[in-house]
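Each chain, letter by letter, is given below.
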Amino acid sequence: MARTTPRVEQNKLVLPVDKSMPVTVGSRQWYAWLADEETGSFFFEDEAGSFTARKERRKRGGWYWIAYRSRGGKLHKTYIGRSEDMTSERLNQVTRHLASYQREEADGVRAQPLLNVKFTPPALSPYQGDLLERVILLERLNASLRAKLTLVTAPAGFGKTTLLDMWYEAYRQRYSKRRDIAWISLDERDNDPIRFWSAIWRALQREHSGSMRDLPSPIASLPQMTLETMVAALMNARQRGVLILDDYHLISNIQIHQGMQLLLDNLPPDMHLIIASRSEPPLTLGKFRMYGELVELRTEDLKLNLDELEQFFREIGGVPLTTDECALLHERTEGWIAGLRLATLALRGRREPTEVLAGFRGGQRDLFAYFAEEVFACQSAEIQRFLLYTSVLPLLTPELCSVILSDDDIDIQKSHEEKAWEQLASIERAGLFVVPLDDQGQCYRYHALFGEFLQAKLVRESQPGLIERLRIRAAAWYEQQGMVEEAIEYYLSARELQRAVLLIERIGEDVLWKRSEYKRLLTWLQQLPGMDDGQHPNLEAHYAWALLMSGQRDLKDVEALVTTIEERGEEEYRGDIAALRARIAAFNNDVPTVIEYSHQALQTLPASRALLRADIAFGLSGTMRDLDDSYRMFAESLHISQALGSLRPAMFSGRYLAATCIDQGRLAEADAILQQALSTAELRAGSRAPVSAIVHIGLAELLYEKNDLVASLRHALVGVELGERSGEIKAVLGGCYIQARIFAVRGEFERAWRELWKGERISAIGKVLWSQLIFAEIAVDLSLLQQDLDGAKRALGKIGINASSMIQRLTSSQHQECLTLAKVWLAEGKYRAVVALLSPLIKVALEEKRKKLVVQARAIQALAFAELGERERALNLLGEALTGTEEYTRLFLDLGEPMRALLAQHGHKREARHYVSRLLAAFEPNEDEKKDVSGLSEREYEVLHLVALGMSNQEIAESLVIALSTVKAHVRHICQKLDVQKRIQAVGKARELGLL
């Protein structure tokens, strides 16, 4: 059969009746054809995919084009626009958007068209009658940006969200992309700390990512992150600006409030927080009030005064009232906007408003109920049914509403959806307290008070079982859409427990180990009756994990539950039991028990439990004293992560596997592992993927040891940049510390200390305890380079080591503490003490196959013996340090002139002669490195990299979200610092210097 649908291919419209005269998309003939009443649809295809476009009337101001595409049994659609919007670029954009659904489903990512509404304010609809411009309040919000925090608190219905929505739009129009502003609409599910902080992270990053699926979500993948570390990661992000949290009163989790307090106490100067809530949040705000860092808009500020009320009814409400009637309304409503809005609906069309006004009594809630009943009674039976039935939904879409209203469950006809769409548009035009959440009429919600009114009315007047049936219909729809979490919650609310249990069993593993949303899983499980009594044996292991990881129960309670599961003797749970006992032991800092049960778990858990196996293997790696065992564990974790396609665990496993190789003296293997990790990240997530930050830091450390300072600094800067974008605090800290070492070697001590102090500040805010030792070690090295022995001792004192005391309680397992103290004693002339301190350390390091540690300790001991005048013994020890490896370089160079002199004496010996010659040559200044990098800033490095990729100044500005003039200034500075005239010359010079 011949095709009868017009087709657009290669930017040409081909009509089935006249194929010889194609029409170019964007031409006058194209727009004339689209506007023709006979034109109803066409098929479009380009390289990204295809769709069918249909022209549909939405009764909202004319005809609109909608794109439809069916894949895998699911029909996806999206709004294109009016006929005049149908450019070639717009059609290509729609194709890519529809194709993204298929990619998300192929990658195992839920396709959630409703997700975006969380991160955007409700759409300001022209049908909203309460859009009175509050000029004074908007000006106060503008002025509030000089403070740290703006708090908007008032009961429901005072226009908090609408006011912030209007200010949000004005802010975006005023500043365009020059300043960032993010919005989050909070709900009850955000009481999970992981979910809450991940939402904030996504909101702050959203403007800088192509789509929601491109966003990094580091917080959700970090079960080990403390509250402080999460907040520190957020504070260290580059994208800050203004953050608006709407409906904060729905947050009741004390951990979240503590995190918010920490964030407020350390809020960066370029970040402003706005919180909207029905009540004052449980935060300590006295200090902010005292120092003028808090601006508050309260109920009294949001109330309409009498003049505003008269203006509202005259210009917006369309109801003429006398001065006395306005005064009566103002007295009774106390300027409450929601009550006044309902009053306009109740009074509209009445000849005698006084009759209605005389009938109400009571407080604001009573007034709202009174007016709502008046408005509801005026609607048709069909609209009344629509309002009541859909009140069980927090979000309204035409398709979901049609399911709720249909008696055919999910098997509905398209006409039902069309009708639901028309009813939603009609309700919006009538101003019936429905709030549009987008500009296409695809998503709405009821105003909170009107929704509560409808739900209460539904409970009072519905037949038994109706509400449960409506919720089951909604759950079934969500399940069919692949939105399993929403389906679970509706099934639970409808007490359809069997179907809820099946879905929890299906996704429980992912919720635990992929997203770390322990609190959310626990919330579901605690709604199941008999969860504590063993009535759901298939979920008990998940229950134990959720209790343990969320900290909701005492460890003894969790142990008791694990024992209960174990006593049933079911073979399939042996692996979980061992893993749970290992994690409990980790909380108790019982390392031997951790090792014992971790090995049991890995031997017992099947390969299908790969997520849990990878978590156990990675955790076990850090407990191993023998580096061969650590190597095997990291390698297994890397293998499992790669097989699962879990990119972040793979990056971390690769980075620490490479670090193990460095400790064992296999630097070439470490380089290969890190390069492979970068290639994997680029293949999966594109070049300069944020997830690869930790790998760049690994490369920076490796290249530093190999004395390639230019390349090391380049990777350190990239690692910090990507770490700041992704919130990976370990990458940012590692980058700060390695930069401190590089700048110190180059004699730029001020920059070195600045980077070190930056790392200390970040770690202090995030309470990253493991970084204290690294900070102290580098601070000692910097102080000794500047011949500041007292400063070195103070640095040691910060980690509890009194360098002046000859009686030390350090054990040989405290490797870095021993080495750092040995350097201080060496500078102080306590040579015998150095020898005595390091001898047991060398013995342990040999047993644990820690090659680098052995070389370091022997090198320092050799210097001590040389200072004692025992030259032969010193050279023998140095020879032992040089034997078996020719890959360490900075390890020797960082010991300074005494090591150079000792190496020069060793040069006459035959063994390792080539190695010694290379080390001695490395002590000589490198002219290229002196000229290097000419003090390029991190941003200038970033711009230089993009210039090398061939991007124009405008493209760079759009990529980095900075002004074009700023890019030009950066390029000018780069050329000056590299002593060139043009961009292309800068790239060539940078390649010569090894910067690219």
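Being a predicted model, the structure only gives us computed values, none of them experimental.

Enquirer: Just checking my understanding: could you explain the overall build of the protein for this structure?
Expert: Per the secondary structure count, the protein includes 48 helices and 14 strands. Considering only residue pairs separated by 6 or more positions, the protein has 63% of its internal contacts joining residues 24 or more positions apart. Taken as a whole, the protein presents about 44,200 Å² of accessible surface, with 49% of it coming from carbon and sulfur.

Enquirer: Any chance you could explain the pattern of salt bridges here in plain terms?
Expert: Any two side chains of opposite charge can pair if their charged atoms end up close together. Tallying each qualifying case throughout the model produces 40 salt bridges. With its nearest N and O atoms 3.7 Å apart, the salt bridge here joins Glu-489 to Arg-189. With Glu-489 in helix H20 (residues 484–493) and Arg-189 in the loop between strand E9 (181–185) and helix H5 (193–205), this residue pair connects regions lying 300 residues apart in the sequence. A relative accessible area of 23% means that Glu-489 is categorised as partly exposed. Overall, Arg-189 belongs to the partly exposed group, its relative accessible area being 26%. Residue Asp-190 pairs with Arg-195 through a salt bridge whose shortest N-O separation is 3.4 Å. Accessibility classification places Asp-190 together with Arg-195 in one group, the buried group.

Enquirer: Would you take a moment to explain helix H24 (residues 555–567) for this structure?
Expert: In a regular helix each residue adds 1.5 Å, so 13 residues correspond to 18 Å; H24 covers 18 Å between its end C-alpha atoms and thus fits that length. Those residues of H24 lying buried are Val-558, Leu-561, Val-562 and Ile-565. On an axial view of H24, the arc spanned by its buried residues comes to 100°, and they lie on one face. Of the exposed residues in H24, those oriented more than 90 degrees away from the buried face are Lys-556 and Glu-567. Tucked inside the fold, the buried residues of H24 contact helix H23 (540–550) and helix H25 (574–587). Where H24 ends, the next residue or the one after it, Gly-569, has phi of about 70°, a positive value.

Enquirer: I'm lost on helix H33 (residues 729–745) in this one. Help?
Expert: Along an α-helix, residues three or four apart share an orientation, since each turn contains 3.6 residues. Across its 17 residues, H33 extends 25 Å between first and last C-alpha, which sits within 8% of the 24 Å expected from 1.5 Å per residue. Within H33, 15 of the 17 residues are buried, which leaves the element mostly enclosed by the surrounding structure. Count one or two residues on from H33 and you reach Gly-747, which has phi positive near 80°.

Enquirer: What's the story with the nonpolar core in this structure? I'm lost.
Expert: The nonpolar side chains of soluble globular proteins are, as a tendency, buried together. Residues Leu-756, Phe-892, Met-899 and Leu-995 are the most contacted members of the largest nonpolar core, which totals 122 residues. Ranked by the residues each element gives to this core, the list is headed by H33, at eleven residues. Setting aside residues up to four positions removed in sequence, Met-899 forms contacts with Ala-859, Leu-863, Leu-878, Phe-892 and Phe-923. Among the nonpolar cores identified, the runner-up in size contains 110 residues, and Phe-158, Met-483, Val-501 and Leu-548 belong to it.

Enquirer: Is there a simple way to explain the confidence of the model for the protein in this structure?
Expert: Any region with low pLDDT has predicted coordinates that should not be read closely. Taken residue by residue, the protein gives an average pLDDT of 79. The fraction at 70 or more is 81%. Per-residue pLDDT stays below 50 along residues 103–114; that stretch engages in 26 contacts with residues further than four places along the chain or on separate chains. Below pLDDT 50 for its whole length, residues 126–130 participates in twelve contacts with residues either more than four positions away or in separate chains.

Enquirer: Where do I start with the side chain of Arg-195 in this structure?
Expert: Within the secondary structure, Arg-195 is located in helix H5. What Arg-195 contacts, discounting residues up to four positions off in sequence, is Arg-189, Asp-190, Glu-485, Glu-517 and Arg-520.

Enquirer: So what exactly am I meant to see when it comes to the environment of His-906 here?
Expert: Here His-906 shows up in helix H42 (residues 896–906). The spatial distance from the C-alpha of His-906 to the C-alpha of Val-916 is 7.7 Å, given a sequence separation of ten residues.

Enquirer: Mind showing me how you'd approach the packing of aromatic side chains here?
Expert: Each aromatic ring pair is specified by the distance between its two centres and by the angle formed by the two planes. Under the definition given, this model contains 15 aromatic pairs. Ring centres 5.8 Å apart and planes at 80° place the aromatic pair Tyr-168 and Trp-183 in the edge-to-face group. Of this pair, Tyr-168 sits in helix H4 (residues 160–175) while Trp-183 sits in strand E9, placing them 15 residues apart in sequence. Residues Tyr-168 and Trp-183 agree in their burial class; the two are buried. Pairwise contacts between aromatic rings join Trp-30, Trp-33, Phe-42 and Trp-65 into one cluster. Sitting over the ring of Tyr-68, Arg-54 keeps its end group 4.7 Å from the ring centre. Geometry around Tyr-631 places Arg-666 over its ring, the cationic atom sitting 5.1 Å from the centre.

Enquirer: Whenever I open this one, the sheet that holds E9 confuses me. Can you help?
Expert: Where strands meet in a sheet, backbone hydrogen bonds hold them as pairs that are either parallel or antiparallel. What the five strands build is an open sheet, ordered E9-E10-E11-E8-E12; its pairing is parallel. On the outer flanks of this sheet lie E9 and strand E12 (294–297), each paired with one strand and no other. Adjacent strand axes in the sheet meet at a mean angle of 15°, parallel and antiparallel pairs treated alike. Bridge count between E9 and strand E10 (residues 241–246): five bridges; the pairing is parallel. What sits directly across from Ile-181, in E10, is Val-242. Running over the sheet, H5 touches E9, E10 and strand E11 (271–277) and is turned about 145° from E9.

Enquirer: Got a minute to help me understand the packing of H25 against helix H26 (residues 591–604) in this structure?
Expert: Each pair of packed helices gets described by two things: the angle between the helix axes and the distance between those axes. One way to put it is that H25 packs onto H26 with a least axis distance of 8 Å and a crossing angle of 160°. For the element pair H25 / H26, the angle class is roughly antiparallel. Where H25 crosses over H26, the two elements pack in a sense that is left-handed. Contacts from Arg-574, Gly-575, Ala-578, Ala-579, Arg-581, Ala-582, Ala-585 and Ala-586 of H25 reach H26 at Thr-593, Val-594, Tyr-597, Ser-598, Gln-600, Ala-601 and Thr-604. Per-class residue counts for the contact of H25 with H26 are eight nonpolar, five polar and two charged.

Enquirer: Please clarify how the environment of Leu-846 should be interpreted in this entry.
Expert: Take Leu-846: it is sitting in helix H38 (residues 831–847). Leu-846 sits 220 residues away from Asp-626 along the chain, and the two C-alpha atoms are 9.8 Å apart. When near neighbours in sequence (up to four residues on either side) are disregarded, Leu-846 contacts Val-854 and Arg-858.

Enquirer: What is the right way to look at unusual backbone geometry in this model?
Expert: In terms of backbone geometry, most residues other than glycine have negative phi values and most peptide bonds are trans. Positive phi, normally seen in glycine, also occurs at Asn-11, with a value near 65°. Turning to its location among the elements, Asn-11 is positioned in the loop between strand E1 (7–9) and strand E2 (12–15). Taking the relative accessible area as the measure of exposure, Asn-11 reaches 30% and is therefore partly exposed. One non-glycine residue, Arg-495, adopts positive backbone phi at about 60°. Turning to its location among the elements, Arg-495 is positioned in the loop between H20 and helix H21 (497–513). Assessed through its relative accessible area of 46%, Arg-495 is described here as partly exposed.

Enquirer: What am I meant to see in the pairing of E10 here?
Expert: Put simply, side chains in a regular strand alternate between the two faces of the sheet. Summarising burial for E10: six of the six residues are buried, a large majority. For E10 and E11, the ladder comprises five bridges, and the chain directions are parallel. Residue Leu-243 lies in a different strand from E11, and its bridge partner there is Leu-273. Chirality of the crossover, the property in question, places the unit of E10, helix H7 (residues 254–265) and E11 among those that are right-handed.

Thresholds, definitions, all that
Residues numbered from 1 in each chain as written. Predicted model: local features only at pLDDT ≥ 70, side-chain atom pairs only at ≥ 80, totals over all residues. Heavy atoms only, no water. Helix = DSSP H or I, 4+ residues; strand = E, 2+ residues; numbered from the N terminus. Contact = heavy atoms within 4.5 Å. Areas by Shrake-Rupley, 256 points an atom, 1.4 Å probe, with all protein chains shown as cover. Salt bridge = Lys/Arg side-chain N within 4 Å of Asp/Glu carboxyl O. Buried < 20%, exposed > 50% of the residue type's maximum accessible area, 1.4 Å probe, protein only. Expected span 1.5 Å × (residues − 1). Arc of directions from axis to C-beta. Core = buried A, V, L, I, M, F, W, Y, C linked by side-chain atoms within 4.5 Å. pLDDT = per-residue confidence, 0-100. Phe/Tyr/Trp six-rings, centres within 6.5 Å; stacked < 30°, edge-to-face > 60°. Lys NZ or Arg CZ within 6 Å of the ring centre and 35° of its normal. Pairing = 2+ DSSP bridges. Axes fitted to C-alpha atoms, helices over the stretch in contact; angles between N-to-C directions. Parallel < 35°, antiparallel > 145°, perpendicular 65-115°, else oblique. Left-handed = near helix turned anticlockwise from the far one by under 90°. Nonpolar A, V, L, I, M, F, W, Y, C, P; charged D, E, K, R; others polar. Right-handed = clockwise from strand over helix to strand, strands pointing away.

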